[in-house]
Amino acid sequence: MNDSGKKYFVRVMIPFSLVMVLITVFFQGAMYGYFVRTYSGALCDVETDMLEQKSNNLIYLTENIKSLNNSIRLNYTVMEMCYKEEMDIYNLIEAQMQLDTIRVSSDLIHSIYLVNKKTKEIHVSSDRINSLATYSNFFDQDIIRYIEDVNSFGTYTPTARKITMENGKEIPVLTFFLYDYFIQTKSIDGIIIINVPIEWLEKKIATKGSLQEAGKNSILLIDGEGKVILDSGVSPFGEDIQSRDYVGEILNAPEMQSSMVRRIDGENCLISYYRYGNPDWIFIGIKSYSYIKEQLRPVLYFTLLISSLIFLAGMLIIWILSKRLADNYSRISQNMCNLEAENREHMLARRTEFIRGLLKGNGILEDAAAKFHGYDMTTQPESGYYVVLFEIDRFRAFCKAYNMDERNRILGKITEIIEEVFAESICCDVGAITENQIAVLCNVSEKTDIMRFSGNLNAVYDRIIKKLHDEGLPGLSAAVSSIGYGYEDISGLYDEAAEMIQYRYIMGLRTLLFPEMIPEKKEEKNSLVRKQLAGDIILALGKGNGEEACSGLQQYLNQLGMESPYEIKLLTVNLLLQVNNTVMDGSMLAAVEDFSMDDIIQEIMISETMDETYMIASAFLGRLACVQEEKNRCKYELLIQEIKDYIRENYKEENLSINLVAERVGLSVGYLGRLFKKMEGKSVSEYIMSVRLEKAEELLKNSQISINTIATQVGFVNNSYFYSVFKKAHGVTPNQWRAADETKQ
């Protein structure tokens, strides 16, 4: 479908799509809102019922306390401790034991106090303490003030407080104050005090997990004054929390149970409460709306699924109708556009290939003038021209994440920008020469044009760099050849520019280079020695020997003699470029293909001493050596494993030797022997012998085959030699070894 068809298709699709979107959104919102309202109402009822069920634990607690109180009051021996002024030691011990029996009959009691108001003595029964104490020396001094307040006794209404133990530890408890009332004296002589640990109630109500820890999902128990009875991890026992907005509102609410939505710690929460009555306690349940939303997530997914299906079905129908209308409209125009694009691309490809052939001197000078006109070239070489060669800086690293199609697209985009900027002021033809080089043929017809060209080229180059930066593309370095006339000079000028562009590593990236900026070449002294040393360095790197490569580098620098610092740096850069080119060609160290030379060369060119130059270059060579050493090690490990596998498969062969193994793997006998010894710590012959002895031990241990037969089966030609080798390895003959093994079994 071409652009005209697409526009027609869009004009049909947009209004119908908007209608479908509105219908889908309305349906989804209505459906989700219905489910949310239904779920929220049910959740409020469930939360309130759950709190009411939790309150049943208080009924269970009260009934247990009543039963325990009756057991104590009906036990005459125990009750003597409450009203007798004097008891002999035997009766006291018996009464204490019976009190302990009553206490342990219930799993919820922390301790029981029996108070004798006549003698002002307190008898204690607990897991840790069984004692008799007076008011003044009793460890739980908090209880004394309650003993004097008769009005709160006998109602089975617990008092929330803390017991301070003798070791200083505080234990939150619910204390029940009960008494034995004597009608004759019309006074309370004996008091029964029962302490229930808050921990028991916490286990029954299961408040573990604070609002922060449980995602604002917890149960809170407070008394009628707003003091905390249970609130694990948030508020301590007994803290007054009336200042919390929702607590004050619940305390003043007339309803026995209800629900509300309030903000806690910046988040909306559903708060449900249930008022127990006696004691006047309130159970509060808190659930965060994030938790509720999490519960509603399946509902949301369901509504999204249904809405999406409706939307997709509608869009499919609209798409089918719209496409059928647009296809017929676009078919003819699409064919015409394709034909035109193919012709244009074919002409551009032929034109680029022609420019590439001219620059590289591929023998297409015949009828060059006619071809210039045939390919719509704008330049006229016979009137004078320059070759400007652009090289994309660090293009390999920039395109590392792209496939080849993407690289070609980026190269094409850069070529378009260069052609667009040049065409504004200079008559030119542009073509991509390699994957990172772009050449420009620039006409200069008169002397005034030459002056204008030289003066404006820097400005043109700056505009190209800025445009590339704005497009997010890599920068360029450029080299300008000297002027030429005629078609036969084109390839020579390209070679000149190609040689000049290499100096961007020295002059700096994003540099426009002219011929006068390139220093004249000097005759190198000791050039043959330097070439030999460069070859030695490359060979050392091939072996992964960084120390030998750095030693060769030191000798190379020593050969430079009394050259100027600039010449020393330049020759060192040339050496590293030669090494790097070997690497980039993939013949040696392809593992560091993405390594950039730019930073290394810049560091060398700004170094101030020869030692500093050596340190930078040797660090680079060391890195290459490490990579190659790792490659060699992996390659040798695979080779050694292949040799060992071959020996284990053919150990029975009598003629198995290092010569046969070397022929098998294609190595010389001497090199194989040294390599195997270095990697395994033993020679090939020793390894063959160890495998044969290992197999012989297996046969001696697991079979009754004769010794001579075993020797033949594991590859020994001479039985006497087998006996000799076996005894040397084990200190005993094969028969003795077999007999010793049978004795062990």
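Criteria and cut-off values
- Residue positions are given per chain, counted from 1 along the sequence in the order it is written.
- Local features in this predicted model are restricted to residues whose pLDDT is 70 or higher, and side-chain atom pairs enter the listing and the counts only when it is 80 or higher, whereas totals over whole chains, interfaces and linings include all residues.
- Remark: hydrogens and water are excluded; side-chain values derive from all non-hydrogen atoms of the structure.
- Helix and strand definitions here come from DSSP, where helices need a minimum of 4 consecutive H or I residues and strands a minimum of 2 consecutive E residues; each element is numbered from the N-terminal end.
- Throughout this description, buried means an accessible area under 20% of the type-specific maximum (1.4 Å probe, protein chains only), exposed means over 50%, and partly exposed covers the range between.
- Every accessible area reported is derived by Shrake-Rupley at a probe size of 1.4 Å, with residue values counting cover from the shown protein chains alone.
- Note on contacts: a residue pair is in contact if any heavy atoms of the two residues lie within 4.5 Å.
- We define a salt bridge as a contact between a side-chain nitrogen of Lys or Arg and a carboxyl oxygen of Asp or Glu at a distance within 4 Å.
- In this analysis, a patch consists of residues with relative accessible area above 30% that form no salt bridge, clustered at 9 Å for like charges and at 5 Å for the nonpolar side chains Val, Leu, Ile, Met, Phe, Trp and Tyr.
- Pairing between two strands is assigned when DSSP locates at least 2 bridges connecting them.
- Fitted lines through C-alpha atoms serve as axes, helices being fitted only where they are in contact, and the angles separating the N-to-C directions of these axes extend from 0 to 180 degrees.
- Note on terminology: a nonpolar core comprises buried Ala, Val, Leu, Ile, Met, Phe, Trp, Tyr and Cys residues joined through side-chain atoms within 4.5 Å.
- This arc corresponds to the set of directions leading from the helix axis out to the C-beta atoms.
- Roughly parallel means an angle under 35 degrees; roughly antiparallel, over 145; roughly perpendicular, 65 to 115; everything else is oblique.
- Should the near helix be turned counterclockwise from the far one by less than a right angle, the crossing is left-handed, whereas a clockwise turn marks it as right-handed.
- In this classification, the charged set is Asp, Glu, Lys and Arg, the nonpolar set is Ala, Val, Leu, Ile, Met, Phe, Trp, Tyr, Cys and Pro, and all remaining amino acids, among them Gly, are polar.
- Working definition: rings of Phe, Tyr and Trp (its six-membered ring) pair if their centres are within 6.5 Å, and the pair is stacked with planes under 30 degrees apart, edge-to-face with planes over 60 apart, and tilted otherwise.
- In our convention, an over-ring charge means Lys NZ or Arg CZ found within 6 Å of a ring centre and within 35 degrees of that ring's normal.
- Counted as a polar contact is a pair of N or O atoms within 3.5 Å, where, for protein atoms, one must be capable of donating a hydrogen and the other of accepting one, and residues adjacent in sequence contribute only when both atoms are in side chains.

(A) Layout of the overall build of the protein chain. Secondary structure summary: the protein chain contains 24 helices and 16 strands in total. Expressed as a percentage of its 745 residues, the buried residues of the protein chain come to 44%. Taken as a whole, the protein chain presents about 40200 Å² of accessible surface, with 53% of it coming from carbon and sulfur.

(B) Local environment of the side chain of arginine 738. Relative to the helices and strands, arginine 738 is located in helix α24 (residues 734-744). Dropping the residues within four chain positions of it, arginine 738 is found in contact with Leu699, Leu700, Ser703, Gln704, Ile705, Ile707 and Ile710.

(C) Molecular detail of the pattern of salt bridges. Using the criterion set out here, one finds ten salt bridges in the structure. Where glutamate 249 meets arginine 262, a salt bridge forms, and the shortest distance between an N and an O atom there is 2.5 Å. Of this pair, glutamate 249 sits in helix α6 (residues 245-252) while arginine 262 sits in strand β9 (residues 257-264), and the two are 13 residues apart along the sequence. In this structure glutamate 249 comes out as partly exposed when scored by relative accessible area, which is 35%. With a relative accessible area of 29%, arginine 262 lands in the partly exposed category.

(D) Representation of a nonpolar patch on the surface within the structure. Side chains of Ile89, Tyr90, Ile93 and Met97 sit close together on the surface and give an oily, nonpolar patch of about 470 Å² of accessible area. By the secondary structure assignment, isoleucine 89 is in helix α3 (residues 89-104).

(E) The sheet that holds strand β14 (residues 437-443), seen in detail. The strand order across the open sheet built from five strands is β13-β14-β12-β15-β16, with neighbouring strands paired in mixed fashion. The open sheet has two edge strands, β13 (428-434) and β16 (512-513), and neither has a second partner. Taken together, the two bridges between strand β15 (residues 476-480) and β16 define a ladder with parallel strand orientation. By the bridge assignment, alanine 478 is partnered in β16 with leucine 512. In this fold helix α12 (residues 490-501) packs onto β12 (385-392), β13, β14, β15 and β16, with an angle of close to 40° to the strand it touches most, β12.

(F) Molecular detail of the environment of isoleucine 194. Its location among the elements puts isoleucine 194 in strand β6 (residues 187-197). For isoleucine 194, a relative accessible area of 0% puts it in the buried group.

(G) Broad picture of the nonpolar core. One finds Ile65, Ile72, Leu114 and Leu201 to be the most contacted residues of the largest nonpolar core, which totals 39 residues. Sorting elements by how many residues they give to this core places helix α1 (residues 3-73) first, with six residues. If near-sequence neighbours (up to four positions away) are discounted, leucine 114 is found in contact with Ile72, Val78, Met81, Cys82, Leu99, Glu121, Ile122, His123, Ile191 and Ile192. Counting 32 residues, the second largest nonpolar core, distinct from the first, contains Tyr386, Ile392, Ile414 and Ala432.

(H) Region of the structure containing the pairing of strand β2 (residues 121-126). For β2, the tally of buried residues reaches five of six residues, placing the bulk of the element in the interior. Inspection of the sheet shows strand β1 (residues 111-116) paired to β2 by six bridges, in the antiparallel sense. Along β2, the bridge assignment pairs valine 115 with isoleucine 122. In the sheet, β2 pairs with strand β3 (residues 130-134) via five bridges, with the strands oriented antiparallel. Along β3, the bridge assignment pairs histidine 123 with leucine 132.

(I) The arrangement of helix α17 (residues 598-605) in detail. Taken together, the buried positions of α17 are occupied by Asp598, Ile600, Ile601, Ile604 and Met605. End-on, the buried residues of α17 take up no more than an arc of 165°, which puts them together on one face.

(J) Local environment of the packing of helix α18 (residues 610-650) against helix α19 (residues 658-665). Viewed as axis vectors pointing N to C, α18 and α19 meet at an angle of 125°, and their least axial separation amounts to 11 Å. One finds that α18 runs oblique with respect to α19. In the packing of α18 onto α19, the handedness of the crossing is right-handed. Contact with α18, carried on its side by Leu639, Glu642, Ile643, Tyr646 and Ile647, involves Leu660, Val661, Arg664 and Val665 of α19 and no other residues of that element. Classifying every residue of the contact of α18 with α19 by side-chain character gives seven nonpolar, no polar and two charged.

(K) Quick peek at the packing of helix α15 (residues 546-559) against α18. As a packed pair, α15 and α18 sit with axes 9 Å apart at the nearest point and diverge in direction by 150°. On the basis of their axis angle, the class for α15 and α18 is roughly antiparallel. Both α15 and α18 take part in a crossing whose hand is right-handed. Of α18, the residues touching α15 (which contributes Gly546, Ala549, Cys550, Leu553, Gln554 and Leu557) are Met610, Tyr614, Ala617, Ser618, Leu621 and Ala625. Among the residues forming the contact of α15 with α18, the class breakdown is nine nonpolar, three polar and no charged.

(L) Region of the structure containing the packing of aromatic side chains. Applying the stated criterion across every chain yields a total of ten aromatic pairs. Arranged with centres 6.0 Å apart and planes meeting at 55°, the rings of phenylalanine 716 and tyrosine 721 form a pair that is tilted. Given a relative accessible area of 3%, phenylalanine 716 falls into the buried group. According to the relative accessible area criterion, tyrosine 721 is partly exposed, its value standing at 44%. When the centroid spacing of 6.2 Å and the interplanar angle of 85° are considered together, the rings of phenylalanine 726 and tryptophan 737 count as edge-to-face. In this pair, phenylalanine 726 sits in helix α23 (residues 719-730) while tryptophan 737 sits in helix α24, placing the two residues eleven residues apart along the sequence. By way of ring pairs, the aromatic residues Phe716, Tyr721, Phe722, Tyr723, Phe726 and Trp737 are connected into one cluster. Its end group placed over the ring of phenylalanine 716, arginine 692 keeps NZ or CZ at 5.9 Å from the ring centre.

(M) Fine view of the environment of serine 703. For serine 703, the location among the structural elements is in the loop between α21 (684-702) and α22 (707-713). Residue serine 703 is classed as buried on the basis of its relative accessible area of 15%. Each C-alpha atom of the pair serine 703 and arginine 738 lies 9.9 Å from the other, and the pair is 35 residues apart in sequence. A polar contact of 2.5 Å, which involves the side chain of serine 703, links it to the backbone oxygen of leucine 699.

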